[in-house]
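Working through the structure, step by step
Okay, here's what each chain looks like letter by letter:
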Amino acid sequence: MDLRIFTEPQQGASYDTLLTVAKAAEDLGFDAFFRSDHYLSMGAADGLPGPTDAWITLAGLARETRRIRLGTLMTAGTFRFPGVLAIQVAQVDQMSGGRVELGLGAGWFEEEHRAYGIPFPKERFGRLEEQLEIVTGLWGTETGKTFSYQGEYYQLTDSPALPKPAQARIPVLVGGHGARRTPRLAARFADEFNIPFASLDETERQFGRVREAAAEAGRAAGALVYSNALVVCVGRDDAEVARRAAAIGRDVEELKANGLAGSPAEVVDKIGRYGALGSTRIYLQVLDLDDLDHLELISAQVQTQLG
């Protein structure tokens, strides 16, 4: 089971804070550092000192880390044109020496679009499908040849399809709870399917839908990585769990029901139940980015038990 650190910087984090967490994650043996792609805080968080851009952040981290993989859950398709996104991600992949992964979603948070003057189109899922076709098509075009595309939302004419990533194929993540179109997109384009903040029952149903869609598309169900994203709150004892839950404004019992919370043994047991459903990768949503002792505890007493 791979454990990856997943952050929500729109809730309040500077680049320096993210760099500190990414370096700690690397030093502690976690597989990857991922971040959300949002420009506006949610809930009661003040969001100070303000938003950081996902791909600018990852570009900086690419040059200041050595081993850890870097990516997004999920890049909002509404924020960038697909041709520009393909250039950005390929460049960051080069800067990292081939450690980038792209999670790409349709975008959903209308309020942040209004706050920063970003158009929020009604039909986003059709756009996402075209974006996936374009981004993967540009990267897959042989050097020296051109890429053209005529879609309903995007048109490209004789693109040189440059630059190329350092990796032969940048892993693409598709995710979500949609029962029909999401599994179909994952089957067509994804190297990994991720379901965020889902119960065991929800995870089993959605993984099943993706496996069925893969079979219908002529892919082996096992060709995809299946993963979960879950909030994490681990403590050595009940008091430490309660303190960490309070620091992120959450209730302990709610966290145990909907995430990975409790003692290291409790968390290892619950991760094992997700593993039994086919999940081989867990994105640990870490909400208190100043609590590096939390990462150390997870590394020492959870990660070591998962092999």
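Relevant structure appears above.
Residues numbered from 1 in each chain as written. Predicted model: local features only at pLDDT ≥ 70, side-chain atom pairs only at ≥ 80, totals over all residues. Heavy atoms only, no water.

**Focus: the nonpolar core**
The condition is simple: Residues belong to a common nonpolar core when they are buried Ala, Val, Leu, Ile, Met, Phe, Trp, Tyr or Cys residues joined through side-chain atoms within 4.5 Å. Type-normalised accessible area, obtained with a 1.4 Å probe on protein chains alone, sets the label of each residue: buried when under 20%, exposed when over 50%, and partly exposed for intermediate values. Any two residues having at least one pair of non-hydrogen atoms within 4.5 Å are treated as being in contact.
Judged by nonpolar contacts, the single largest core of 73 residues is most densely connected at L3, I5, F33, W55, W139, L284 and V302. In this structure, L3 is in contact with F30, D31, A32, I271, I282, L284, I298, V302, Q303 and L306, ignoring residues within four places of it in sequence. C233, I248, V252 and A261 belong to the second largest nonpolar core, which has eight residues in total.

**Here we look at the packing of helix α6 (residues 181-189) against helix α7 (residues 200-216)**
Stated formally: Note on geometry: axes are lines fitted to C-alpha atoms, helical ones only across the stretch in contact, with angles between N-to-C directions running from 0 to 180 degrees. Secondary structure is summarised from DSSP: a helix means a run of H or I of at least four residues, a strand means a run of E of at least two, and numbering begins at the N terminus for each. Convention used here: angles under 35 degrees read as roughly parallel, angles over 145 as roughly antiparallel, angles from 65 to 115 as roughly perpendicular, and any remaining angle as oblique. By convention the crossing between two helices is left-handed if the near helix lies anticlockwise of the far one by an angle smaller than a right angle, and right-handed if it lies clockwise. Residue classes follow a fixed rule: Ala, Val, Leu, Ile, Met, Phe, Trp, Tyr, Cys and Pro count as nonpolar, while Asp, Glu, Lys and Arg count as charged, and any other residue, Gly among them, counts as polar.
The contact between α6 and α7 brings their axes to 8 Å, and the two run at 50°. Taken together, α6 and α7 sit at an angle that is classed as oblique. As α6 runs across α7, the sense of the crossing is right-handed. Here T182, P183, R184, A186 and A187 of α6 lie close against α7, whose contacting residues are Q206, R209, V210, A213 and A214. Along the lines of polarity and charge, the residues of the contact of α6 with α7 split into six nonpolar, two polar and two charged.

**A few points about the packing of aromatic side chains**
Stated formally: Geometry of aromatic contacts follows a simple scheme: Phe, Tyr and Trp rings, the Trp one being its six-membered ring, pair when their centres are within 6.5 Å, and the pair is stacked under 30 degrees between planes, edge-to-face over 60, tilted otherwise. Should the NZ of a Lys or the CZ of an Arg lie within 6 Å of a ring centre and within 35 degrees of the ring normal, that charge is described as sitting over the ring.
Enumeration over the complete set of coordinates arrives at seven aromatic pairs. Both rings, one in Y39 and one in F79, keep their centres 4.6 Å apart while their planes meet at 25°; by these two values the pair is stacked. Linking Y39 in the loop between β2 (32-35) and α2 (54-64) with F79 in the loop between β4 (75-76) and α3 (82-96), this pair joins segments that are 40 residues apart in sequence. The class of Y39 is buried, set by a relative accessible area of 17%. Within the aromatic cluster, the residues linked to one another by ring pairs are Y39, F79 and Y116. The ring centre of Y226 lies 4.8 Å from the NZ or CZ of R211, which sits over that ring.

**Section: the pairing of strand β6 (residues 147-150)**
For clarity, the cut-off: A pair of strands counts as paired when DSSP detects no fewer than two bridges linking them.
Side chains F147 and Y149 project from β6 onto a buried face, and the interleaved S148 and Q150 project onto a face without burial. Relative to strand β7 (residues 155-159), β6 is paired through three bridges, and the arrangement is antiparallel. Within β7, the residue paired with F147 across the bridge is S159. The antiparallel hairpin formed by β6 and β7 contains four residues in its connecting segment.

**Regarding unusual backbone geometry**
Between L73 and the following residue, M74, the backbone shows a cis peptide bond with an omega angle of -20°. Looking at the element boundaries, M74 is found in the loop between β3 (69-72) and β4. Here the bond from L162 into P163 is cis, since omega is 0°, no more than 30 degrees from zero. Structurally, the position occupied by P163 is in the loop between β7 and β8 (172-175). At D158, a position not held by glycine, the phi torsion is positive, near 50°.

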